[in-house]
Amino acid sequence: NAGVTQTPKFRVLKTGQSMTLLCAQDMNHEYMYWYRQDPGMGLRLIHYSVGEGTTAKGEVPDGYNVSRLKKQNFLLGLESAAPSQTSVYFCASRKDSSNQPQHFGDGTRLSIL
Amino acid sequence: AQSVAQPEDQVNVAEGNPLTVKCTYSVSGNPYLFWYVQYPNRGLQFLLKYITGDNLVKGSYGFEAEFNKSQTSFHLKKPSALVSDSALYFCAVMRQAGTALIFGKGTTLSVSS
């Protein structure tokens, strides 16, 4: 089982460039999440989705957009990258609205120069 | 504001000794509580959760956690630490079923041989 797969694993961007991070899950989960992890700050929720075609803002949504056109995929976009967006990005999924744990991908390490 | 606190940035223990990683939370109602572990360059892995019932819950790799409602704490424990337990540990809270996890800042556990 692949679980949650994130691509790319690493990326370096210049300020002002745009890019899209892809998250794919093969567990038929309804809920998907994007977090960023910064040293000493834990994981902070950027955006999430409770089903295909739906998205919602999390704790730190500014500068990011998301789309969930297919149930298995959740895309995170940076329209104009800034150095403050240098971080490790994690995608997670969960089966449904129950109290089941989230399953995480291995992360995308993004540096903005 | 709802929050999760992990008061120790780092915990150092000798192999074979018991370990405790502390977590307290400030969330209204009866939240669900989780522990995750993160190894270098990997995503978060689920260890255990408390939903209801027995205050001592057992999880993966010999870890257990004790829930204390009056102290709003959910400390992670293991009777005998292994060097391979060295990792970053996150406590997380789900305010109610279906909502996103709120993470603490993480505690680095270092087990020496």
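For the structure, check the block above.
Attention here is on the structure that accompanies the text. Everything numeric here is computed off the predicted structure, so don't read it as measured data.

Topic: the interface of chain A and chain B
- Across the boundary between the two partners, chain A contributes 21 residues, which contact 22 residues of chain B.
- Buried area between chain A and chain B, summed over both chains or domains, comes out near 1,600 Å², and the portion from carbon and sulfur atoms is 54%.
- Scanning the region where chain A abuts chain B turns up 1 salt bridge.
- Its salt-bridge partner being A:Asp106, residue B:Arg42 comes within 3.2 Å of it at the nearest N-O pair.
- Summed over the shared surface of chain A and chain B, the result is 5 residue pairs in polar contact (both at pLDDT 80 or more).
- Mapped by element, the contributors of at least two residues to the side of chain A that touches chain B are β4 (31–38), β5 (42–49) and β9 (87–94) of chain A.
- The dominant element in the side of chain A that touches chain B, judged by the number of residues it contributes, is β4(A), at 4 residues.
- Partitioned by chemical class, the residues of the side of chain A that touches chain B number 9 nonpolar, 9 polar and 3 charged.

Comments concerning the sheet that holds strand β1 (residues 4–7) of chain A
All names here are of chain A.
- One open sheet accounts for 4 strands, arranged β1-β3-β8-β7; its pairing is antiparallel. The strands lining the two open edges of the sheet, one partner per strand, are β1 and β7 (64–67). Shown here is a sheet whose adjacent strand axes are inclined to one another by a mean of 20°, direction ignored.
- Where strand β3 (residues 19–25) lies against strand β8 (residues 73–78), 6 bridges are found, and the strand directions are antiparallel. Paired with Met19 across the bridge in β8 is Leu78.

Remarks on the nonpolar core
Residue and element names in this part refer to chain B.
- Core analysis: the biggest nonpolar cluster contains 27 residues, and Trp35, Leu47, Leu48, Phe74, Leu76 and Tyr89 have the highest contact counts within it.
- At the level of secondary structure, the elements contributing two or more residues to this core comprise β2 (10–14), β3 (19–21), β5 (32–38), β6 (44–50), β8 (64–68), β9 (73–78), β10 (87–94) and β12 (107–112).
- The dominant element in this core, judged by the number of residues it contributes, is β10, at 4 residues.
- The contacts of Tyr89, once residues within four sequence positions are left out, are Gln6, Trp35, Tyr36, Val37, Leu47, Phe63, Leu76, Gly106, Thr107 and Leu109.

A word on the environment of B:Tyr25
Residues and elements named next belong to chain B.
- With respect to the helices, strands and loops of the structure, Tyr25 is situated in strand β4 (residues 24–26).
- Assessed through its relative accessible area of 8%, Tyr25 is described here as buried.
- Sequence separation between Tyr25 and Lys69 is 44 residues, and the spatial gap between their C-alpha atoms is 10.0 Å.
- With near-sequence residues (within four places) excluded, Tyr25 lies in contact with Ser3, Val4, Pro31, Leu33, Phe67, Lys69, Thr72, Ser73 and Val93.

Topic: the environment of A:Phe104
- Locating A:Phe104 in the fold gives a position in strand β10 (residues 103–104).
- Of the residues examined, A:Phe104 reaches a relative accessible area of 10% and is grouped as buried.
- Separated by 99 residues in the primary sequence, A:Phe104 and A:Thr5 have C-alpha atoms spaced 8.5 Å apart.
- Apart from the residues within four sequence positions on either side, A:Phe104 is in contact with A:Val4, A:Tyr35, A:Leu43, A:Phe90, A:Cys91, A:Ala92, B:Tyr36, B:Leu44 and B:Phe103.

Here's the deal with the packing of aromatic side chains
- The tally for this structure, following the rule as stated, stands at 14 aromatic pairs over all chains.
- Between the aromatic rings of B:Tyr36 and B:Phe46, the centroid separation amounts to 6.0 Å while the plane-to-plane angle is 70°, which identifies the pairing as edge-to-face. Highlighted residues: B:Tyr36 in strand β5 and B:Phe46 in strand β6, separated in sequence by 10 residues.
- An aromatic cluster is defined as three or more aromatic residues linked by ring pairs; in this entry it consists of A:Tyr33, A:Tyr35, A:Tyr48, A:Phe104, B:Phe34, B:Tyr36, B:Phe46, B:Phe90 and B:Phe103.

Section: the pattern of salt bridges
Residue and element names in this part refer to chain B.
- In this structure the tally under the stated criterion is 7 salt bridges over all chains.
- Salt-bridge contacts for Glu66 lead to Lys77; the nearest nitrogen and oxygen are separated by 2.9 Å. Of this pair, Glu66 sits in strand β8 while Lys77 sits in strand β9; the two residues are 11 residues apart in sequence, bridging distant segments of the chain.
- For Lys77, a relative accessible area of 26% corresponds to the partly exposed category.

Cut-offs and rules
- The residue numbers shown here count from 1 along each chain, following its written sequence.
- In the order they appear in the text, chains get letters beginning with A and ligands get numbers beginning with 1.
- Selection of residues for local features in this predicted model requires a pLDDT of at least 70, selection of side-chain atom pairs for listing and counting requires 80 or more, and totals for whole chains, interfaces and linings are taken over all residues.
- Values reported for side chains reflect all heavy atoms of the structure, with hydrogen atoms and water molecules removed beforehand.
- By the convention used here, residues are in contact when the closest approach between their heavy atoms is within 4.5 Å.
- Two parts lose some accessible area (1.4 Å probe) when they are put together, and adding that loss for both gives the buried area.
- A pairing counts as a salt bridge when a side-chain nitrogen of Lys or Arg comes within 4 Å of a carboxyl oxygen of Asp or Glu.
- Polar contacts, as counted here, are pairs of nitrogen or oxygen atoms within 3.5 Å of one another; within protein the pair requires one atom able to donate a hydrogen and one able to accept it, and residues that are adjacent in sequence qualify only if both atoms are side-chain atoms.
- Working definition: helices are DSSP H or I runs of at least four residues, strands are E runs of at least two. Numbering for both runs from the N terminus.
- The residue classification treats Ala, Val, Leu, Ile, Met, Phe, Trp, Tyr, Cys and Pro as nonpolar and Asp, Glu, Lys and Arg as charged. All others, Gly included, are polar.
- The rule for pairing is simple: two strands pair if DSSP sees at least two bridges between them.
- For helices, the axis comes from a line fit to the C-alpha atoms of the stretch in contact; other axes are also lines fit to C-alpha atoms, and the angle between any two N-to-C directions lies between 0 and 180 degrees.
- What is meant by a nonpolar core is a set of buried Ala, Val, Leu, Ile, Met, Phe, Trp, Tyr and Cys residues, joined one to another through side-chain atoms within 4.5 Å.
- Here the term buried applies to any residue with accessible area under 20% of the maximum for its type, exposed to any over 50%, and partly exposed to those in between, with areas from a 1.4 Å probe on protein chains only.
- The criterion for an aromatic pair is that two Phe, Tyr or Trp rings (for Trp, the six-membered ring) have centres within 6.5 Å, with stacked assigned to planes under 30 degrees apart, edge-to-face to planes over 60 apart and tilted to the rest.

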